[in-house]
Amino acid sequence: MVRAGITVDRLVAAAAELADEAGFEQVTLSALARGFGVKDASLYAHVKSLQDLRHRVARLAGGEMIDLIGAAVAGRSGKDALAAYAGAYRAYALAHPGRYAATQLRVDPALADPADPAMRRTVEITYGMLRGYGLVEPDATDAVRLLRATFHGYCALEAGGGFNAPRDVRASWDRAIDALHIALEHWPHEETARHA
């Protein structure tokens, strides 16, 4: 019997809120059932498993994040686009720590949907920004990995209180974006590097 008032969308939204409040690892079917005032088993009418629920939160968060990034980079190119992309990424990661953690979830390839609009939009916006630097494959994928590692590492350290030096954290972030811009402008293209 499906409990009145509970839908998949409401359940996923509640899980995303719980992730931000308590941490992504604290998102359990038991915790959500308590929040809805129902038994755990009744939630299985809406999701297959905890893994299914967490993947749904990851898709929700990924969509929210790329919408924020897309709005920030619209009409920009080069360093302006990079800074806008990075700024929106950092803002989302810091404002929504649990949802952001969900975006780092390794998605089982069997559950991944390449036609998912958020996934497509993420690829289009990210690789579109890099085309402004003249990067094509395989260099574009290498650059995406560098950006993701830098943004994620910085945000994880910042959120965890890992920067204790008196230097302003935002100033260091801005310098990191300057450095990434220079790296992207002077990217060692694979063909050039192979023949050097």
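Residues numbered from 1 in each chain as written. Predicted model: local features only at pLDDT ≥ 70, side-chain atom pairs only at ≥ 80, totals over all residues. Heavy atoms only, no water.

A.B. asks: Help me understand the packing of helix α4 (residues 78-95) against helix α7 (residues 139-159) in this model?
C.D. replies: Think of two packed helices as two axes; the pair is described by the angle between the axes and how far apart they sit. Packing of α4 against α7 brings their axes to within 10 Å, and their N-to-C directions diverge by 40 degrees. In terms of orientation, α4 lies oblique with respect to α7. Seen along the crossing, α4 lies across α7 with a hand that is right-handed. Across the interface between the two elements, Leu82, Tyr85, Ala86, Tyr89, Arg90, Ala93 and Leu94 of α4 pack against Leu147, Arg148, Phe151, His152, Cys155, Glu158 and Ala159 of α7. (Axes fitted to C-alpha atoms, helices over the stretch in contact; angles between N-to-C directions. Helix = DSSP H or I, 4+ residues; strand = E, 2+ residues; numbered from the N terminus. Parallel < 35°, antiparallel > 145°, perpendicular 65-115°, else oblique. Left-handed = near helix turned anticlockwise from the far one by under 90°. Contact = heavy atoms within 4.5 Å.)

A.B. asks: For this particular structure, what's the right way to read the packing of α4 against helix α8 (residues 169-185)?
C.D. replies: One can describe the packing of α4 onto α8 by two numbers: an axis separation of 10 Å at closest approach and a directional angle of 135 degrees. Relative to α8, α4 is oriented oblique. Taken as a pair, α4 and α8 cross one another with a handedness that is right-handed. Listed contacts from α8 to Lys79, Leu82, Ala83, Ala86, Gly87 and Arg90 of α4 are Val169, Arg170, Trp173, Ile177, Asp178, Leu180, His181 and Leu184. Split by residue class, the contact of α4 with α8 holds eight nonpolar, two polar and four charged. (Nonpolar A, V, L, I, M, F, W, Y, C, P; charged D, E, K, R; others polar.)

A.B. asks: In this structure, what is going on with the pattern of salt bridges? I would like to understand it.
C.D. replies: It is possible for side chains of opposite charge to pair when their charged atoms get near one another. Considering all chains together, one arrives at 10 salt bridges under this definition. For Asp52, the salt bridge is made with Arg56, and the minimal N-O distance between the two is 3.2 Å. Of the two residues, Asp52 and Arg56 both sit in helix α3 (residues 50-73), four residues apart, roughly one turn of that helix. Judged by its relative accessible area of 13%, Asp52 falls in the buried class. A relative accessible area of 26% places Arg56 in the partly exposed class. A salt bridge links Lys79 to Asp178; its shortest N-O distance comes to 2.6 Å. (Salt bridge = Lys/Arg side-chain N within 4 Å of Asp/Glu carboxyl O. Buried < 20%, exposed > 50% of the residue type's maximum accessible area, 1.4 Å probe, protein only.)

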